[in-house]
Amino acid sequence: FRKHAATATLPAAFSDLLPHFQVEPEDEYIVKNKPVTLTCRSTPATQIYFKCNGEWVHQDDHLIERTVDPATALPIMQVTIDITRQQVEKIFGLDQYWCQCVAWSTTGTQKSQKAYIRIAYLRKNFEEEPQGKEVALDQEVLLRCHPPEGVPQPEVEWQRNEDILNPESDPNFFVTADHNLIIRKARMADTGNYTCVAKNIVARRKSTSAAVLVYVNGGWSTWTTWSSCSAVCGRGWQKRSRSCTNPTPLNGGSSCEGQNIQKSVCVATCPVDGGWSEWSKWSACGADCSMWRTRECTQPSPGTGGKDCQGLDLQSLNCTSEQCPQSECTTYMLQTKLSDVALYVGVVAVALCLTLLLIVVVLVYRRKKEGLDADVADSSILTTGFQPMGIKPSKPENSHLLTIQPDLTTTTTSYQGTLRSRHDTTGKFSMTNGTLLDPLPNGSHTLHNGKLNPDPPEFVSRLSTQSYFKTLPRDVANASYGTFNFLGGRLTIPNTGISLLIPPEAIPRGKIYEIYLTVQRKEDLRLPLAGCQTLLGPVVSCGPPGVVLSRPVILSMDHCSDGCLDNWALRLKKQNYEGVWEDVLLMGEELVSEPYYCQLEAETCRLFSEQLGTFALVGESLHMGAAKRLRLVLFSDAYCSTLEYNIRVYCMDDTQEVFKEVMQMERQLGGRLIDEPHILLFKDSYHNLRLSIHDMPQAHWRSKLLAGYQEIPFYHIWNGSQRYLHCTFTLERLSLSTCELTCQLCVWQVEGEGQSFSLDFNIAKVTARALASSHGVYASALAGPSAFQIPYLIRQKICSSLDAPCPNGADWRMLAQRLKLERHMSFFASKASPTSVILDLWEAQHFHSGNINQLAAVMADIGKQEAMIFLVSDGEC
């Protein structure tokens with residue numbers, strides 16, 4: 001470039017001027033596969049070129065135009081280049097791709113600003129979507145939204161019922177800097193479906209709609225005035241009422257609490273009839289030979305509408321002659337005597353009439369009195385007094401039976417009917433007091449090598465007769481079957497990490513159960529997964545469901561989570577009889593009263609269950625830091641007689657049962673394992689997994705892939721419903737004599753951390769790696785003492801020694817601490833024998849690798865003499 005620059009010359013008047021840029025390149029985004037154009041213009045300049053990521057762009061890729069500025073007569077040079085998506089992507093390991101314009105003249109060079117070229121994109125899934133809410137009127141509402149990752153940074157707007165919200169026109173809405181929507185005071189009009197919309201130059205994404213329901217809680221109106229008393233005289237009732245209309249409940253708001261009617265006792269004043277007082281004394285005889293006396297209506301005085309007194313309040317009487325004054329004439333005396341005679345005759349007549357009337361009244365009263373004695377039970381009716389009476393409904397003839405106390409001294413009788421669960425078990429299976437399934441031939445069981453176990457083919461054929469087990473797999477290699485009694489036992493599916501421990505006394509004495517353990521194929525199940533949920537382990541069935549257990553069994557199975565509970569919400573799902581999956585346990589929020597409890601170890605999940613059934617461990621990532629463990633396994637053809645050579649890279653969940661299935665499949669294909677399995681943490685970042693092969697010797701090998709890498713979609717891995725995924729790299733050797741292959745396998749998540757694995761092997765040697773098993777070869781079903789490391793009698797002595805509380809803490813609590821199980825103290829304490837549950841967990845953890853002497857050392861450290869009993873031989877037990 002400098003050679004060309006030296007050949008060009010500038011006019012003498014401008015030879016001492018440095019070039020300066022009129023147009024500099026600016027930042028650009030590549031949308032989809034459309035190239036972007038960068039332009040640079042400088043004056044005066046002899047040459048001008050672009051440099052991208054520190055390297056000169058080839059001269060043939062420039063479009064150079066030369067003109068002259070008419071105002072200054074300076075020469076102007078303009079250069080244009082196109083940048084494609086492939087140019088940006090092939091720079092592996094650089095965060096940004098940039099270009100810079102360089103112009104020079106005879107006096108020196110000048111560099112423009114750097115223009116950064118980025119590939120524009122917008123992910124489909126929101127990192128956080130708004131959630132529906134029900135809020136009270138005038139309450140503040142917060143709807144969160146974290147838009148998808150994108151370049152350039154997406155803009156966010158909110159919609160309500162598909163209409164765009166404008167916070168400037170409605171101040172009740174406010175959008176925060178991190179794109180959350182705040183409704184300051186919820187109004188009835190704010191009820192609707194709210195959607196978060198993210199957009200940039202690439203695309204426009206909508207979140208799922210969040211329904212906001214603004215409800216109104218009911219409120220009481222004021223009380224009405226009290227009504228008039230229900231009784232005219234004496235005790236009665238009065239009431240007042242109110243209504244739930246201040247305000248009326250709307251949109252599911254709560255109704256008013258309390259009574260809408262209040263009653264109160266009232267006493268109405270009865271009417272009082274007037275009564276006469278005693279007569280006063282007779283007055284002195286007057287001039288008219290008469291005297292008088294009075295009385296008043298004051299005992300009592302009439303009131304409250306009572307009647308006045310009946311009769312005269314004044315009475316007069318003539319005086320005798322002796323009482324009359326001497327000045328009265330004789331004529332007046334005669335008249336007085338005559339009138340007295342007439343008065344006497346009238347008094348006698350009135351007396352006779354009154355006597356007859358009294359007789360009639362007495363007869364009538366006696367007849368009425370007989371009727372009242374038969375009908376009236378309350379003497380207050382006769383005395384016109386008021387007494388309260390409780391109104392009670394009539395009782396049936398046998399109402400006395402309701403008050404009879406049960407006789408607790410009688411013997412207990414047994415129920416002779418049929419016991420059924422709340423689910424309809426028709427068509428499932430029947431349970432009796434004997435064996436759960438049909439008895440074995442001749443009603444006997446055989447004991448082989450310490451295990452009570454039927455023949456597996458016979459057991460499978462017997463299971464097929466049960467309606468509930470017709471959907472179970474018939475693959476004996478991925479299932480285990482056995483017959484067990486109260487001594488317990490263990491079922492194991494070899495090389496899968498799946499086992500079922502049946503502790504002693506878990507099966508009631510006198511019962512024998514035929515139990516199975518199997519792995520379900522995930523492709524055959526419809527396990528509902530929503531949002532960020534993923535399957536973290538195998539789907540395991542143990543049963544038959546519905547067997548009666550007096551103690552929890554322990555189901556052990558692998559999981560592939562990163563083991564950090566802060567990153568996950570782990571749920572245990574169980575399939576019911578109808579085939580519906582239900583959440584039965586949320587890890588970290590276990591209740592000791594529930595029939596399920598779980599301990600999560602680094603690679604294993606151990607489930608305490610009082611019920612058998614089909615289980616699955618499902619995780620929901622709480623943020624993008626959550627990760628699953630993937631196991632990367634490489635296979636190739638055992639024999640290669642052509643120029644083409646295939647390398648298959650499997651990406652599977654890091655569980656033993658999936659690895660076992662891939663090994664079985666590769667054995668059928670004639671493949672061989674060419675490297676030890678590698679572990680990769682796959683994060684919940686919505687980024688795909690990319691795989692590529694590098695650093696092959698170009699003189700001997702070349703790749704037949706058109707692209708530089710292969711990619712596995714994020715959701716194919718994260719969902720976990722597909723058991724294994726793989727990519728095939730087809731390589732070609734240039735000569736049949738080439739047998740050595742050395743290369744680098746790179747695996748990384750887009751925009752995430754990656755790993756690189758070195759491969760160096762000879763394709764001509766048949767050195768297929770054997771399936772490594774950390775557990776060796778063990779029987780799949782063990783019954784009785786052979787299934788446990790701790791002898792039964794020793795186990796009973798340990799439990800009796802540690803179950804009883806000890807003041808210095810030298811009991812089961814210290815045993816749990818020494819075994820690092822103190823997190824489950826509340827669970828152990830809820831059991832009748834905490835020590836037995838701790839020992840069950842120890843047996844489940846250390847069956848293949850446990851050291852009985854270490855457990856004895858723990859007992860000795862606690863200070864129990866029972867530590868010496870571990871030295872007892874099996875014969876003595």
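Residue positions are counted from 1 within each chain, in the order its sequence is given. Per-residue local features are limited, in this predicted model, to residues with pLDDT of at least 70; the limit for side-chain atom pairs, both in listing and counting, is 80 or more; totals at the level of whole chains, interfaces and linings are taken over all residues. Side-chain numbers here rest on the full set of heavy atoms in the structure, without hydrogens or water.

As recorded in an unreviewed UniProt entry, the chain goes by Netrin receptor UNC5 and comes from Takifugu rubripes. UniProt positions are given in the numbering used here, feature names are shortened, and annotations may be inferred rather than shown by experiment. Under the UniProt heading Function (unreviewed entry), the note attached to the chain is "Receptor for netrin required for axon guidance. Mediates axon repulsion of neuronal growth cones in the developing nervous system upon ligand binding."

(A) Broad picture of the sheet that holds strand β36 (residues 596-600). Pairing between strands is defined by DSSP: at least two bridges between the two strands are required. Strands are runs of DSSP state E lasting at least two residues, helices are runs of H or I lasting at least four, and both sets are numbered from the N terminus onward. Here 6 strands make up an open sheet; going across it, the order is β36-β37-β33-β29-β28-β49 and the pairing antiparallel. Two strands close off the open sheet at either side, each with one partner strand: β36 and β49 (781-783). Across this sheet, the average inter-strand angle for adjacent strands is 15°, counted without regard to direction. Where strand β28 (residues 489-493) and β49 come together, 3 bridges link them in antiparallel fashion. Each bridged residue has a counterpart across the sheet, and for Gly489 the counterpart in β49 is Ala783. Against the sheet, helix α10 (residues 834-845) makes contact with β28, β29 (498-502), β33 (553-558), β36 and β37 (604-609), and its axis sits at roughly 145° relative to β37, the strand it touches most. To obtain each axis, a line is fitted to C-alpha atoms, and for helices this fit is confined to the stretch in contact; angles are then taken between N-to-C directions over 0 to 180 degrees. Between two residues, a contact is recorded if the distance between any of their heavy atoms is within 4.5 Å.

(B) Inspection of the state of the cysteines at higher detail. Defined by distance alone, a disulfide is two cysteine sulfur atoms within 2.5 Å. For the structure on display, the rule yields 7 disulfides. Two residues share a disulfide in this structure: Cys229 and Cys266, whose sulfurs sit 1.9 Å from each other. One disulfide, between Cys229 and Cys266, carries an S-S torsion of 85° and so falls in the right-handed class. Residue Cys229 is located in the loop between β20 (210-215) and β21 (234-241), and its partner Cys266 is located in strand β22 (residues 261-268); the two are separated by 37 residues in the primary sequence. For every residue, the accessible area (1.4 Å probe, protein chains only) is compared with the maximum for its type, and the residue is labelled buried under 20%, exposed over 50%, or partly exposed between those bounds. Among the residues examined, Cys266 registers a relative accessible area of 10% and is labelled buried. Disulfide pairing places Cys285 opposite Cys319 at an S-S distance of 1.7 Å. Residues Cys285 and Cys319 are joined by a disulfide whose S-S torsion is about 125°; by sign, that bridge is right-handed. You can see Cys285 sitting in the loop between β22 and β23 (290-294) and its partner Cys319 sitting in the loop between β24 (314-318) and α3 (330-375), a full 34 residues away along the chain. Take Cys285: its relative accessible area is 23%, and that puts it in the partly exposed class. Residue classification places Cys319 among the buried residues on the basis of a relative accessible area of 4%. This cysteine, Cys743, is not joined by any disulfide, and Cys746 carries the nearest cysteine sulfur, 9.6 Å off.

(C) Quick peek at the pattern of salt bridges. Basic side-chain nitrogens of Lys or Arg form a salt bridge, by our definition, when they fall within 4 Å of a carboxyl oxygen of Asp or Glu. In the structure shown here, the tally under the stated rule is 26 salt bridges. For the salt bridge of Glu505 with Arg509, the shortest nitrogen-to-oxygen distance reads 2.9 Å. On the accessibility criterion, Glu505 (24% relative accessible area) is partly exposed. With a relative accessible area of 53%, Arg509 lands in the exposed category. Here Arg648 makes a salt bridge to Asp637, at a shortest N to O gap of 3.2 Å.

(D) Looking closely at the pairing of strand β38 (residues 614-621). Within β38, 7 of the 8 residues are buried, which leaves the element mostly enclosed by the surrounding structure. Here strand β31 (residues 533-535) runs beside β38; their pairing, made up of 3 bridges, is antiparallel. Across the sheet, residue Thr534 finds its bridge partner in β38, namely Gly619. Sheet analysis places strand β32 (residues 539-543) next to β38, joined by 2 bridges and oriented antiparallel.

(E) Examining the packing of helix α7 (residues 792-802) against α10 more closely. Remark: α7 packs on α10, axes separated minimally by 8 Å, with the N-to-C direction vectors making an angle of 135°. The angle between α7 and α10 falls in the class oblique. Note that α7 runs across α10; the crossing there is right-handed. From α7, Arg795, Ile798, Cys799 and Leu802 reach across to α10, where they touch Thr835, Ser836, Leu839 and Asp840. Any residue outside Ala, Val, Leu, Ile, Met, Phe, Trp, Tyr, Cys, Pro, Asp, Glu, Lys and Arg is labelled polar, Gly included; the first ten of those are nonpolar and the last four are charged. Taken together, the residues that form the contact of α7 with α10 break down as 4 nonpolar, 2 polar and 2 charged. For classification purposes, an angle smaller than 35 degrees is called roughly parallel, one larger than 145 roughly antiparallel, one from 65 to 115 roughly perpendicular, and anything else oblique. By the definition used in this description, the sense in which the near helix is turned from the far one sets the handedness, with an anticlockwise turn below a right angle giving left-handed and a clockwise turn giving right-handed.

(F) Spatial organisation of the sheet that holds strand β16 (residues 173-175). Strands sit in the order β12-β17-β16 across an open sheet of 3 strands; the sheet is antiparallel. Whereas interior strands pair on both sides, the edge strands pair on one side only; in this sheet they are β12 (141-143) and β16. Averaged over all neighbouring strand pairs, the angle between strand axes comes to 20°, with direction disregarded. Relative to strand β17 (residues 181-183), β12 is paired through 3 bridges, and the arrangement is antiparallel. When the bridges of β17 are listed, Leu143 appears paired with Leu181.

(G) Examining the packing of aromatic side chains more closely. In summary, the pairing rule links any two rings of Phe, Tyr or Trp, Trp by its six-membered ring, whose centres are within 6.5 Å, and it sorts them by plane angle into stacked for under 30 degrees, edge-to-face for over 60 and tilted for everything else. All chains considered together, the criterion is met by 14 aromatic pairs. Between Trp568 and Trp718 the ring centres are 5.7 Å apart and the planes differ by 10°, which places this aromatic pair in the stacked class. Of this pair, Trp568 sits in strand β34 (residues 568-575) while Trp718 sits in helix α6 (residues 714-718), and the two are 150 residues apart along the sequence. The class of Trp568 is buried, set by a relative accessible area of 5%. Taking 5.9 Å as the distance between ring centres and 70° as the angle between the ring planes, the aromatic pair formed by Tyr596 and Phe615 counts as edge-to-face. Taken as a pair, Tyr596 in strand β36 and Phe615 in strand β38 lie far apart in primary sequence, 19 residues in all. Taken individually, Tyr596 and Phe615 each receive the classification buried, so the pair is uniform in this respect. In textbook terms, an aromatic cluster arises when at least three aromatic residues are bridged by ring pairs, as seen for Trp568, Phe682, Phe714, Tyr715 and Trp718.

(H) Seen up close, a nonpolar patch on the surface. Residues forming no salt bridge and having over 30% relative accessible area are the ones grouped into patches, like charges within 9 Å of each other and nonpolar side chains (Val, Leu, Ile, Met, Phe, Trp, Tyr) within 5 Å. To measure how exposed things are, a 1.4 Å probe is used in the Shrake-Rupley method; for residues, cover is taken only from the protein chains shown. Side chains of Val350, Leu354, Leu357 and Val361 sit close together on the surface and give an oily, nonpolar patch of about 370 Å² of accessible area. Looking at where Val350 falls in the secondary structure, it is placed in helix α3. Owing to a relative accessible area of 46%, Val350 belongs among the partly exposed residues under this scheme.

(I) Broad picture of helix α5 (residues 656-669). The span expected for a helix works out to 1.5 Å for each residue beyond the first. End to end, α5 covers 20 Å across 14 residues, agreeing with the expected 20 Å (1.5 Å per residue, within 8%). Considered for burial, the residues of α5 that qualify are Glu657, Val658, Phe659, Lys660, Glu661, Val662, Met663 and Glu666.

(J) Spatial organisation of the nonpolar core. As used in this record, nonpolar core signifies buried Ala, Val, Leu, Ile, Met, Phe, Trp, Tyr and Cys residues forming a set joined through side-chain atoms within 4.5 Å. Leu500, Ile515, Leu517, Leu689 and Leu691 are the most contacted members of the largest nonpolar core, which totals 68 residues. By size, the runner-up hydrophobic cluster in this structure holds 32 residues, among which are Leu501, Ala787, Leu802 and Ile838.

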